[in-house]
Amino acid sequence: MSIDTVWQEALHFIQGKVPKQVYDTWFTPVHLDRIEDSTAHIGVPNKFFGEWLGTHYGPLLSEAVSAARGGGEVTVSFLVDQKSAKAQDHAAVVSVAKTVAQTKSRRGIQLNPKYIFKNFVVGAGNQFAHAACMAVAEQPGKAYNPLFIYGGVGLGKTHLLNAIGNHVAERTDLRIAYLTTEQFTNEVINSIRYDKMMDLRKRYRHIDMLMIDDIQFLAGKERTQEEFFHTFNALYEGHKQIVLSSDRFPKDMPDIEERLRSRFEWGLIADLQPPDVETRIAILRKKSEDEGIQLPEDVIQYLSTTLKSNIRELEGSLVRLGAFASLTGQKITLEMAKTVLRDLIGDKKKIVAMEDIQDVVCTQFHVKINELKSRRRSKTLVHPRQIAMYLCRELTDASYPEIGRHFGGKDHTTIIHACRQVAKAKDADPAMQTTLEKLKEQILRG
Ligand SMILES: Nc1ncnc2c1ncn2[C@@H]1O[C@H](COP(=O)(O)OP(=O)(O)OP(=O)(O)O)[C@@H](O)[C@H]1O
């Protein structure tokens, strides 16, 4: 029996066991690569996909492959491969529908009507998160709970959360709350101040869907974490949907209580990776079409190869070009794009001061500058210290000894070691990559 036949049989078996939505999301992008001894090696588009599939459907996959081979013990193992990534691309829908600026009344919910699924361009980096959000929007409280979306700056977290909210608000009467962590924190502070805690609890523990953006800002806010913990439990136990977004993986969130962090991992964690060049081109095409901006092909190529890691920047450059063209009555050309966007794109090469890098890193990891420069070796200090050293090397022209001097007189070999450690972690862990991108963005923004 060929491997393809075994896989077709296995898929047929799986189709009979899971809802269509689950099948489409989780089984169409994967394939049976090979069987060695009694291990079925399943190709998956990315690490998280494999981990989730293994946790939730590993036994079903074993059973299906075993049944397809006519019995016998089968264990499954996952490998990330190109074929799956391509299958995922193929399944990705590049939406061309017009932006619906006005949608139905949302019963006073603070949702942005511009952010809907139809105008979210799907590509390899966000297909997983998009599919998870769609599944939750179709079946709140049933599909994945909580849904935790994480990704770097400007990659679409807010867009997706709002899209879920808009989808649900248009189709159901469910009570939805969408707010940022900052808003939630302010509500907690005011409730304490005006003795209105019971009102706050009533407000958030009796809804059907709670969506909180930028949950990483709970870090260090003990009272808000406490309140959020009980809200989370009340909603979760009542099978109400919870959706959270963050710029990092739960495990990498400092100053968040363990009991909360572990809850973030109970449901599905989906990551948003920076868009590949095809997705960047698709986003530019779609947005220029929606905005009625004529963008020549060479300008699309220029923007999509220059602005790589942040979709907000891509959008911003388009809007700026559109405004310039309409104000001056000129057509957009490559030359014009280079001139008009000089400062935006020039920023990428801006030389920054090491002090600024240290400040941003200290704020991010809640450490003091003298601790960062000290010789103390606790894990909470070594991690941000190494990141700051790495960023100094990346974003400035300083030599290793010079960087060492800015870190309390460290030897250049310490800096080399730190840079290697961070570079290694960055290659191995997408969350680290996201953290570095976010920090760079903040530093360059100044
Ligand atoms: N895949 C996409 N298709 C179309 N537009 C997108 C996509 N991803 C992001 N955008 C747009 O990019 C902009 C930034 O996205 P968004 O605000 O959702 O990012 P974010 O991840 O929440 O960023 P931050 O970390 O700063 O909060 C928005 O205008 C959004 O509509």
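Residues numbered from 1 in each chain as written. Predicted model: local features only at pLDDT ≥ 70, side-chain atom pairs only at ≥ 80, totals over all residues. Heavy atoms only, no water.

Within an unreviewed UniProt entry, the label attached to the protein chain reads Chromosomal replication initiator protein DnaA, and the organism entered is Nitrospira lenta. For the protein chain, the Subcellular location (unreviewed entry) comment in UniProt is given as "Cytoplasm". UniProt, in the comment section headed Sequence similarities (unreviewed entry), describes the protein chain in these words: "Belongs to the DnaA family." (UniProt positions renumbered as here; feature names shortened; annotations may be inferred.)

Q: Any details on the sheet that holds strand β1 (residues 31–36)? Residues and values, ideally.
A: Taken in spatial order, the three strands of this open sheet run β1-β2-β3, and their pairing is mixed. Strand pairing shows two members of the sheet lacking a second neighbour, β1 and β3 (75–80), which therefore form its edges. With direction set aside, neighbouring strand axes in the sheet form an average angle of 30°. Where strand β2 (residues 39–44) lies against β3, six bridges are found, and the strand directions are parallel. Within β3, the position partnered with G43 by the bridge is L79. Against the sheet, helix α1 (residues 3–15) contacts β1 and β2, and its axis sits at roughly 120° relative to β1. (Pairing = 2+ DSSP bridges. Helix = DSSP H or I, 4+ residues; strand = E, 2+ residues; numbered from the N terminus. Axes fitted to C-alpha atoms, helices over the stretch in contact; angles between N-to-C directions. Contact = heavy atoms within 4.5 Å.)

Q: So what's going on with the site of the ligand? Residues and values would help.
A: Residues in contact with the ligand amount to 19 residues; listed here are only the nearest, V121, K157, T158, H159 and E315. Between the ligand and G154, the relevant distance is 2.9 Å, taken from an oxygen atom to a main-chain nitrogen or oxygen of the residue. One nitrogen or oxygen atom from the side chain of H159 is found 2.7 Å from an oxygen atom belonging to the ligand. In isolation the ligand offers 630 Å² of accessible surface; the protein chains occlude 93% of this area. Those elements giving two or more residues to the shell around the ligand turn out to be α6 (157–171), α11 (277–291) and α13 (311–328). Within the shell around the ligand, the residues separate by chemical class into seven nonpolar, seven polar and five charged. When we break the shell around the ligand down by domain, the ones giving at least three residues each are domain 2 (117–271) and domain 3 (277–341). (Near = heavy atom within 4 Å. Polar contact = N/O pair within 3.5 Å; in protein donor to acceptor, adjacent residues only side chain to side chain. Areas by Shrake-Rupley, 256 points an atom, 1.4 Å probe, with all protein chains shown as cover. Nonpolar A, V, L, I, M, F, W, Y, C, P; charged D, E, K, R; others polar. Domains from an automatic or database assignment.)

Q: Tell me about the sheet that holds strand β4 (residues 147–151), residues and numbers included.
A: Strand order in this open sheet of five strands is β5-β6-β7-β4-β8, and the pairing throughout is parallel. Each edge of the open sheet carries a strand with a single partner, namely β5 (176–180) and β8 (268–272). Across this sheet, the average inter-strand angle for adjacent strands is 15°, counted without regard to direction. Two elements, β4 and β8, share five bridges in a ladder whose sense is parallel.

Q: Give me the lowdown on the packing of helix α18 (residues 379–395) against helix α20 (residues 412–428), citing residues and values where you can.
A: Contact geometry for α18 and α20: axes closest at 8 Å, N-to-C directions at 95°. Classified by the interaxial angle, the pair formed by α18 and α20 is roughly perpendicular. Contact with α18, carried on its side by Q386, I387, M389, Y390 and R393, involves T414, I415, H417, A418, C419, Q421, V422, A423 and K426 of α20 and no other residues of that element. Class assignment of the residues belonging to the contact of α18 with α20 gives a composition of eight nonpolar, four polar and two charged. (Parallel < 35°, antiparallel > 145°, perpendicular 65-115°, else oblique.)

Q: Could you give an account of the nonpolar core, with specific residues and numbers?
A: Counting residues in each nonpolar core, the largest one holds 78 residues, and the members touching the most others are W26, F27, I164, L295, L303 and L321. For this core, the leading source of residues is helix α3 (residues 47–68), giving nine residues. Core analysis: the next-biggest nonpolar cluster, separate from the first, contains 29 residues, V367, M389, A418 and C419 among them. (Core = buried A, V, L, I, M, F, W, Y, C linked by side-chain atoms within 4.5 Å. Buried < 20%, exposed > 50% of the residue type's maximum accessible area, 1.4 Å probe, protein only.)

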